[in-house]
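Here's the letter readout for the chains.
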Amino acid sequence: MTDGCVFCRIVARESPADIVYEDDEVLAFKDLYPKAPIHYLIVPKRHIESLATVELDDTTILGRCLQIARTLGERAGYAERGYRVSCNTGPEGGQVVYHLHLHFTAGRRR
Ligand code: 5GP
Ligand code: ZN
């Protein structure tokens, strides 16, 4: 756990979150300020700062996060209609929380 990291605190259950998926390595929960009717954040439990610091060793967990997006899409009933998975990276990429996360949004056409 990385000190002061809001998503590490959620993973450690030190901060509340509305969890929608969990396994040994990945947690997904509802975004506190949703920007679409469905807005989840998919995070590796292990602290990785950003896509900009990803190492070869991190690629398995990243792939797993993407596969969980598929699971969440199916569970939410959006497998056919589709959804968006995005990863804000760095200051100009709009990253605010420096614990790597995928945004999963669905239910809004854009
Ligand atoms: P970023 O801009 O870093 O890609 O996105 C961070 C996201 O985390 C934002 O959409 C923001 O609403 C969400 N967020 C920030 N703090 C919390 C929190 O404590 N709990 C939850 N569930 N979401 C958070
Ligand atoms: Zn963290």
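Up top is the structure.
Residues numbered from 1 in each chain as written. Chains lettered and ligands numbered in written order. Predicted model: local features only at pLDDT ≥ 70, side-chain atom pairs only at ≥ 80, totals over all residues. Heavy atoms only, no water.

A few words now on the site of ligand 1. Taken together, the neighbourhood of ligand 1 is formed by 17 residues, with D31, G94, V96, H101 and H103 sitting nearest. Take K35: an N or O atom from its side chain is 2.9 Å from an oxygen atom of ligand 1. In the environment of ligand 1, an oxygen atom lies 2.8 Å from a nitrogen or oxygen atom belonging to the backbone of V97. For ligand 1, the accessible surface in isolation is 520 Å², of which the surrounding protein chains cover 85%. A per-element tally of the shell around ligand 1 places helix α1 (residues 6-11) first, with three residues. Per-class residue counts for the shell around ligand 1 are nine nonpolar, five polar and three charged. (Near = heavy atom within 4 Å. Polar contact = N/O pair within 3.5 Å; in protein donor to acceptor, adjacent residues only side chain to side chain. Areas by Shrake-Rupley, 256 points an atom, 1.4 Å probe, with all protein chains shown as cover. Helix = DSSP H or I, 4+ residues; strand = E, 2+ residues; numbered from the N terminus. Nonpolar A, V, L, I, M, F, W, Y, C, P; charged D, E, K, R; others polar.)

Our focus in this paragraph is the pattern of salt bridges. Overall, the coordinates contain nine salt bridges when judged by the stated rule. Between R13 and E22 there is a salt bridge, with the nearest N and O atoms lying 2.7 Å from each other. In this structure R13 comes out as partly exposed when scored by relative accessible area, which is 47%. Given a relative accessible area of 38%, E22 falls into the partly exposed group. In this structure, K35 and D31 form a salt bridge, with 3.9 Å as the shortest nitrogen-oxygen distance. Residue D31 is classed as buried on the basis of its relative accessible area of 12%. Through salt bridges with shared partners, a single network forms among R13, E22 and K45. (Salt bridge = Lys/Arg side-chain N within 4 Å of Asp/Glu carboxyl O. Buried < 20%, exposed > 50% of the residue type's maximum accessible area, 1.4 Å probe, protein only.)

Turning our attention to the nonpolar core. Core analysis: the biggest nonpolar cluster contains 18 residues, and V26, I38, I42, I68, L72 and F104 have the highest contact counts within it. Breaking this core down by element, the ones donating at least two residues are β2 (26-30), β3 (38-44), α2 (59-75) and β5 (102-106). Looking at which element gives the most residues to this core, the answer is α2, with six residues. The residues touching I42, leaving out its near neighbours within four places in the chain, are V26, L27, A28, C65, I68, A69, L72, L100, H101, L102 and F104. With 10 residues, the next largest nonpolar core counts C5, F7, C8 and I10 among its residues. (Core = buried A, V, L, I, M, F, W, Y, C linked by side-chain atoms within 4.5 Å. Contact = heavy atoms within 4.5 Å.)

Around the zinc ion (ligand 2), the donor atoms from the protein are C5 (SG), C8 (SG), H47 (ND1) and H99 (ND1), and they sit 2.0 to 2.3 Å away. Taken together, the four donor atoms surrounding the zinc ion (ligand 2) define angles of 105 to 115° at the centre, an arrangement classified as tetrahedral. Summarised as a motif, the one-chain spacing of the donors to the zinc ion (ligand 2) is C-x2-C-x38-H-x51-H. Of this pair, C8 sits in helix α1 while H99 is found in the loop between β4 (84-86) and β5, placing the two residues 91 residues apart along the sequence. H99 shares its class with C8; the two are buried. (Donors = N, O, S within 2.8 Å, 3.2 Å for Na, K, Ca; no water. Tetrahedral: all angles 85-135°; square planar, octahedral: opposite > 155°, others 65-115°.)

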